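Close look at the chain arrangement
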Amino acid sequence: MAEELTFGASTVVGRASRAGATAAIEAHLAVLKGKPLRAAISEALARHHKLGGNDRRFVAFAVRELSRHQRLLDLAAKARGRAPSSLHLPEDQAIFRYALWRRVVTGASAERTMIEVALPGPVRPRSLPDAVLTEELSKEVPLGLPDDPLERAATLHSFPTWLATAIAEVAPPGELADVLAALNREPFLTLKVRPNGTRDELLPLLTAGGFPVKACDESPDALQVTDEGRAIFESRWMKEGRLLVMDLGSQLLAGLCRVTPGQTVVDFCAGAGGKSIFLADAVGPSGRVYAHDTSAKRLAEARSRCAELKLRHVSFPKEPRLDLADVVLVDAPCSGSGTLAREPDQKWKLTKQKIAELQTTQLGILEQVVGPLKRGGVIVYGTCSVLKDEDEAVVERFLAKHPECTLDGPPLRVWPHRIAGGGFFGARLVKR
Ligand SMILES: C[S@@+](CC[C@H](N)C(=O)[O-])C[C@H]1O[C@@H](n2cnc3c(N)ncnc32)[C@H](O)[C@@H]1O
């Protein structure tokens, strides 16, 4: 078994206390019962409010990991004759999955794992006695990974076969397993240096202040935080608004707008405003950003972030002024298949049907935007998905219907295994 599992043994995991393990298993149980992963983590952390910082980080990490490695862990359970379908109590499934994750993925010993899960905790009711768990965890059982390369990669990195197949359609040849592995790692913390300071100026100041960061070669203002701590959030530079938290792929997508000072931009799917801030910085105070979104709640967040940063040239009209725009960014609602590192439970919620529905929405938004756009205006269509049906296929179908538009240069494809960030897609479409 060891040979097949060395990929996981190198994973660095802190030591969970019993209380930390309990919170993680409770949260995973909530995910099994249908609760979104983020909500499950925050509710478990609120219940176990006495946990210290390391334990809290461990809980969030463990819960993400249990979704990330679900298929592999279920195979490990099946190999022991205890497939989840044979464990009738969801509590047993959650405990067994957690215990197998500790053994199989993190390389913890059976003894260490039992310290975390032995009775009387973590969750009840429970039908698996300690003796049975200890015996199962002490066994060396071959996993029996499939020989077919795609099935093997999908199993080893725990993706549904249909999703791995869809990613394989567009992944660089021979790199599918790397893409899947990258979608399974913990996300990087990346910052964007705002114009009231250049990256070259800020980098030595941050380093000297005890915040380890490094410049990302791919984007001019991007900094990767290289330690695991969250101390940077308490730094003066963050509090002064000189740094913006932004995935490297997001920075590359917003950069594809190539806006210049004085221009007018519509951020049509502005959400909580991350890219609106990026664009506002790029057009400067002589330019204008109109932010729009169908979600009033997200737009309210964008509005308050822009107000806090005193970005007076960002406005939120009911009808975005598409007719005035030099560039319209359509950061479309998508499956998030490129950012599964953040939302690993989505792997098990996405369906082909959902992707088809998203494509209809994405085309609908482009349709809404193109009519009022002036000649020479640019639409930047982007997603944080790596799936062709949400990316190239949307652009192809749109262009087939709109001969007045053309592609401006090859689309941007950001692969998560090649950068310290998620997978993104972007295309510049010019209206002639
Ligand atoms: C990928 S998120 C945008 C993220 C945002 N641009 C950022 O940088 O933080 C997609 C957004 O599209 C919005 N949305 C969904 N359907 C829409 C529609 N028909 N028109 C405009 N926005 C829409 C969603 O509410 C969501 O906020």
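Owing to the predicted nature of the structure, the values given are computational and were not obtained by experimental measurement. (Residues numbered from 1 in each chain as written. Predicted model: local features only at pLDDT ≥ 70, side-chain atom pairs only at ≥ 80, totals over all residues.)

What to know about the environment of D389
- As for its position among the elements, D389 is in the loop between β9 (378-383) and α18 (392-401).
- Under the C-beta neighbour-count criterion, D389 is labelled partly exposed, with 19 such atoms within 10 Å.
- Between the alpha carbons of D389 and A356 there is a distance of 7.5 Å; along the sequence they are 33 residues apart.
- If near-sequence neighbours (up to four positions away) are discounted, D389 is found in contact with I355 and Q359. (Helix = DSSP H or I, 4+ residues; strand = E, 2+ residues; numbered from the N terminus. Buried ≥ 20, exposed ≤ 12 C-beta atoms within 10 Å, placed from the backbone. Contact = placed C-beta atoms within 7 Å.)

Details of the sheet that holds strand β1 (residues 189-193)
- In space, the four strands of this open sheet follow the order β2-β3-β1-β4, with antiparallel pairing throughout. A single partner strand is all that each edge strand has here, and the edge strands are β2 (213-215) and β4 (243-245). On average, adjacent strands in this sheet sit at an angle of 35° to one another, irrespective of strand direction.
- Sheet topology places β1 next to β4; three bridges connect them, and they run antiparallel. Paired with V193 across the two strands is L243, which belongs to β4.
- Across the sheet, helix α12 (residues 199-208) is in contact with β1, β2 and β3 (222-225); its angle to β2 comes to roughly 160°. (Pairing = 2+ DSSP bridges. Axes fitted to C-alpha atoms, helices over the stretch in contact; angles between N-to-C directions.)

Let's talk about the site of the ligand
- Lining the immediate environment of the ligand, one finds 15 residues, of which C269, G271, G274, S295 and D331 sit closest.
- Class assignment of the residues belonging to the shell around the ligand gives a composition of six nonpolar, five polar and four charged. (Near = placed C-beta within 6 Å. Nonpolar A, V, L, I, M, F, W, Y, C, P; charged D, E, K, R; others polar.)

Considering the packing of helix α7 (residues 110-117) against helix α8 (residues 130-138)
- Two numbers describe how α7 lies on α8: the axes approach to 9 Å, and their chain directions differ by 150°. Here α7 runs over α8; the crossing is right-handed. Residues A110, T113, M114 and V117 of α7 form the contact with α8, whose own contacting residues are D130, L133, T134, L137 and S138. (Left-handed = near helix turned anticlockwise from the far one by under 90°.)

Description of the nonpolar core
- Ranked by size, the top nonpolar core spans 128 residues in total, and within it V59, V63, L279, V328, V330 and I379 carry the most contacts.
- Setting aside residues up to four positions removed in sequence, V63 forms contacts with A24, A27, H28, V31, L37, A40 and I41. (Core = buried A, V, L, I, M, F, W, Y, C linked by C-beta atoms within 7 Å.)

Some details on the domain arrangement of the protein
- According to the domain assignment, the protein consists of domain 1 (2-138), domain 2 (152-182), domain 3 (189-246) and domain 4 (249-431).
- On a C-alpha basis, the centroid separation for the pair domain 2 and domain 4 is 26 Å.
- Across the contact, 14 residues belong to domain 2 and nine residues belong to domain 4.
- Looking at the side of domain 2 that touches domain 4, the elements with two or more residues in it are α10 (161-168) and α11 (176-183).
- Broken down by class, the residue content of the side of domain 2 that touches domain 4 amounts to eleven nonpolar, no polar and three charged. (Domains from an automatic or database assignment.)

Describing the pairing of strand β6 (residues 288-291)
- In β6, alternate side chains face the same way, and those of R288 and Y290 on one face and V289 and A291 on the other are all buried.
- Pairing analysis gives four bridges linking strand β5 (residues 264-267) to β6, with the strands arranged parallel. Paired with V265 across the two strands is V289, which belongs to β6.
- Regarding topology, helix α15 (residues 274-283) serves as the crossover connection from β5 to the parallel β6, and that connection is right-handed.
- Bridge count between β6 and strand β7 (residues 314-315): two bridges; the pairing is parallel. The residue of β7 that forms the bridge with Y290 is S315.
- The β-α-β motif built from β6, the intervening helix α16 (residues 296-308) and the parallel element β7 has right-handed crossover chirality. (Right-handed = clockwise from strand over helix to strand, strands pointing away.)

Examining helix α5 (residues 70-79)
- Taking burial as the measure, the ten residues of α5 include seven buried ones, the bulk of the element.
- G81 sits one or two positions beyond α5 and adopts a positive phi of about 75°.

Some details on the environment of K388
- Considering the arrangement of structural elements, one finds K388 in the loop between β9 and α18.
- Along the backbone, K388 and E169 are 219 residues apart, and their C-alpha atoms lie at a distance of 7.7 Å.
- Setting aside anything within four residues of it in sequence, one finds K388 in contact with E169, V170 and A393.

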